[in-house]
Amino acid sequence: MSDKKILFSGIQPTGELHIGNYLGALRNWVELQDKHDCFYSIVDLHAITIDYDQENYQEQILNTAIDLLALGIDPKKSTLFVQSRVPEHTELTWLFNTLIPMAELQRMTQFKDKSRQNFNNINMGLFDYPVLQAADILLYKGELVPVGEDQLQHLELANTILRKFNNKFGEYFQKIEPIISKSARVMSLQEPNNKMSKSLGTTNYIALRDDEDTIRKKIMSAKTDAGPQKDGHMSPGVDNLFTLLENFADEKIVKKFNLDYHNGNLKYSELKAELAQTIINTLKPIQDNIVKLEKDKDKVKKILEKGAQKAKKIAENNILEIKEKMGLI
Ligand code: TYM
């Protein structure tokens with residue numbers, strides 16, 4: 001018997017993807033395509049819960065699709081689509097809203113963080129964000145969800161929602177299981193106590209589209225020293241650089257720098273130069289793919305249209321079943 005399961009994940013079209021997205025989630029997205037029935041969504045409805053650039057939004061969405069295809073998302077294997085093209089996502093969100101107490105949403109750390117960052121625009125959508133995320137996954141009866149560590153609390157909430165649904169209306173949804181990569185939390189280059197994120201500013205992250213010079217500059221100016229650390233542990237900045245090195249460089253190189261560190265011979269400038277070069281080398285073929293795809297945007301648009309059609313068929317069928325269970329039909 002095949003153990004192929006339904007897998008769902010999403011990414012916000014915030015302009016440019018970074019190596020935190022790549023190591024935390026997207027690398028897994030590509031690998032898992034052969035094993036499962038994968039749905040990957042560009043979640044444009046999530047990204048409008050904070051201030052966004054409406055003038056260039058369609059371009060940002062297309063760029064996100066281009067980046068995903070360049071990384072190796074294969075439309076022959078996976079369903080790639082834009083969330084708002086399948087309105088059943090918002091319909092299911094409303095149905096789930098009636099099941100989940102507000103108190104559960106008030107506990108969400110991402111809501112608290114984003115409210116602090118966007119204190120003059122704390123809208124209902126921001127509050128409801130995790131319910132839309134649960135609807136994304138469950139609309140397709142998704143069971144597996146590859147994400148970075150920051151999304152785990154949202155997935156717990158999705159499991160709470162589906163448990164409440166199953167208890168009230170009869171077994172329908174399977175439990176959701178996160179798939180977490182070994183670098184589930186990549187840290188910012190300048191503020192290594194915070195996760196790498198676009199909202200911290202461009203010097204904090206390496207974008208998939210950054211050119212060689214930019215990558216070198218950003219890595220060379222990454223924070224390393226934070227004074228003496230307890231129990232001889234690496235400072236958060238150095239630790240993060242080693243995490244990146246482990247992901248991008250050969251084992252032999254990682255071993256050499258680890259040995260240097262433990263012998264007290266580590267030169268940060270050498271470590272950074274090596275790291276910058278390995279990141280440049282890894283991103284090169286992806287960037288070549290981006291250049292090719294940029295020349296054929298119509299093809300990318302067609303891929304998204306086809307993906308939305310395929311997703312919509314399944315969504316329409318499942319929402320009918322869900323509404324039937326809830327006594328709405
Ligand atoms: P988003 O767009 O913020 O991030 C996309 C993916 O990248 C991961 N990620 C990281 N991983 C490690 N280190 C980092 N510094 C880092 N920054 C980002 C995220 O964990 C995520 O997996 N709410 C989701 C989008 C979403 C979704 C869904 C995900 C909407 N619906 C349904 C899964 C299932 C988000 O904000 O992703």
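What you are looking at is a predicted structure, and each value in this text was computed from that prediction instead of being measured.

Before going further, it helps to spend a moment on the overall build of the protein. Along its length, the protein carries 13 helices and five strands. In terms of overall size, the protein behaves like a compact globule, its C-alpha atoms giving a radius of gyration of 21 Å where 329 residues would be expected to give roughly 20 Å. Principal-axis analysis of the C-alpha atoms places the extent of the protein at approximately 70 × 50 × 45 Å. The buried share among the 329 residues of the protein stands at 49%. Contacts in the protein between residues far apart in sequence, at least 24 positions, make up 77% of those at least 6 positions apart. Accessible area for the protein stands at about 16,500 Å²; split by element, carbon and sulfur atoms hold 50% of it. Distance between charge centres in the protein, computed from 44 positive and 46 negative side chains, equals 2 Å.

Another aspect to go through is the packing of aromatic side chains. One pair of aromatic rings is described through two measures. These are the centre distance and the angle between the planes. Under the counting rule described, the total for this entry stands at 13 aromatic pairs. A ring pair is formed by Phe-8 and Tyr-140, whose centres lie 5.7 Å apart and whose planes are at 15 degrees; its orientation type is stacked. Linking Phe-8 in strand 1 (residues 6-11) with Tyr-140 in the loop between helix 7 (124-138) and strand 4 (144-147), this pair joins segments that are 132 residues apart in sequence. Residues Phe-8 and Tyr-140 agree in their burial class; the two are buried. The interplanar angle of 25 degrees and the centroid separation of 4.8 Å between the aromatic rings of Phe-39 and Tyr-140 together place this pair among those described as stacked. Of the two residues, Phe-39 sits in strand 2 (residues 37-42) while Tyr-140 sits in the loop between helix 7 and strand 4, which places them 101 residues apart along the sequence. With respect to burial, Phe-39 and Tyr-140 carry one shared label: buried. Site record: aromatic cluster; members linked through ring pairs are Phe-96, Phe-165, Phe-169, Tyr-172 and Phe-173. Stacked on the ring of Tyr-205, the Lys or Arg Lys-218 has its end atom at 4.8 Å from the ring centre. Sitting over the ring of Phe-257, Lys-256 keeps its end group 4.4 Å from the ring centre.

The local shell around the ligand holds 26 residues, among which Tyr-129, Asp-136, Gly-148, Asp-150 and Val-186 are the closest. Separating a nitrogen atom of the ligand from a backbone N or O atom of Val-186 is a distance of 2.8 Å. Every element with two or more residues in the shell around the ligand is listed here: strand 1, helix 1 (19-32), helix 7 and strand 4.

Moving on, we come to the pairing of strand 2. Here strand 2 lies mainly inside the structure; five of its six residues are buried. Two strands pair when backbone bridges link them, and strand 1 and strand 2 are joined in this way by six bridges, in the parallel orientation. Directly across from Ile-11, in strand 2, lies its bridge partner Ile-42. Since strand 1 and strand 2 lie parallel, the crossover through helix 1 that links them has a hand, and here it is right-handed.

Our focus in this paragraph is the pattern of salt bridges. Enumeration over the complete set of coordinates arrives at 16 salt bridges. Between Asp-34 and Lys-77 there is a salt bridge, with the nearest N and O atoms lying 3.0 Å from each other. Highlighted residues: Asp-34 in the loop between helix 1 and strand 2 and Lys-77 in the loop between helix 3 (57-71) and strand 3 (79-82), separated in sequence by 43 residues. Among the residues examined, Lys-77 registers a relative accessible area of 38% and is labelled partly exposed. Arg-209 serves as the salt-bridge partner of Glu-294, at 2.8 Å between the closest nitrogen and oxygen. Pair noted here: Glu-294 is in helix 12 (residues 268-294) and Arg-209 is in the loop between strand 5 (177-180) and helix 9 (212-220), with a separation of 85 residues, a long-range link.

The next subject is the environment of Leu-23. Along the chain, Leu-23 falls in helix 1. Sequence separation between Leu-23 and Asn-247 is 224 residues, and the spatial gap between their C-alpha atoms is 7.8 Å. Discounting residues that sit within four places of it in the chain, Leu-23 has contacts with Ser-181, Ser-183, Val-186, Leu-244, Asn-247 and Phe-248.

Positionally, His-18 belongs in the loop between strand 1 and helix 1. Note on His-18: relative accessible area 7%, which makes it buried. Of note is the side chain of His-18, whose polar atom sits 3.0 Å from the backbone nitrogen of Gly-20.

The rules behind each value
- Residues numbered from 1 in each chain as written.
- Predicted model: local features only at pLDDT ≥ 70, side-chain atom pairs only at ≥ 80, totals over all residues.
- Heavy atoms only, no water.
- Helix = DSSP H or I, 4+ residues; strand = E, 2+ residues; numbered from the N terminus.
- Rg over C-alpha atoms; globule rule 2.2 N^0.38 Å.
- Buried < 20%, exposed > 50% of the residue type's maximum accessible area, 1.4 Å probe, protein only.
- Contact = heavy atoms within 4.5 Å.
- Areas by Shrake-Rupley, 256 points an atom, 1.4 Å probe, with all protein chains shown as cover.
- Lys, Arg positive; Asp, Glu negative; His and termini not counted.
- Charge placed at Lys NZ, Arg CZ, Asp CG, Glu CD.
- Phe/Tyr/Trp six-rings, centres within 6.5 Å; stacked < 30°, edge-to-face > 60°.
- Lys NZ or Arg CZ within 6 Å of the ring centre and 35° of its normal.
- Near = heavy atom within 4 Å.
- Polar contact = N/O pair within 3.5 Å; in protein donor to acceptor, adjacent residues only side chain to side chain.
- Pairing = 2+ DSSP bridges.
- Right-handed = clockwise from strand over helix to strand, strands pointing away.
- Salt bridge = Lys/Arg side-chain N within 4 Å of Asp/Glu carboxyl O.

By themselves, these are just geometric observations and shouldn't be taken as functional.
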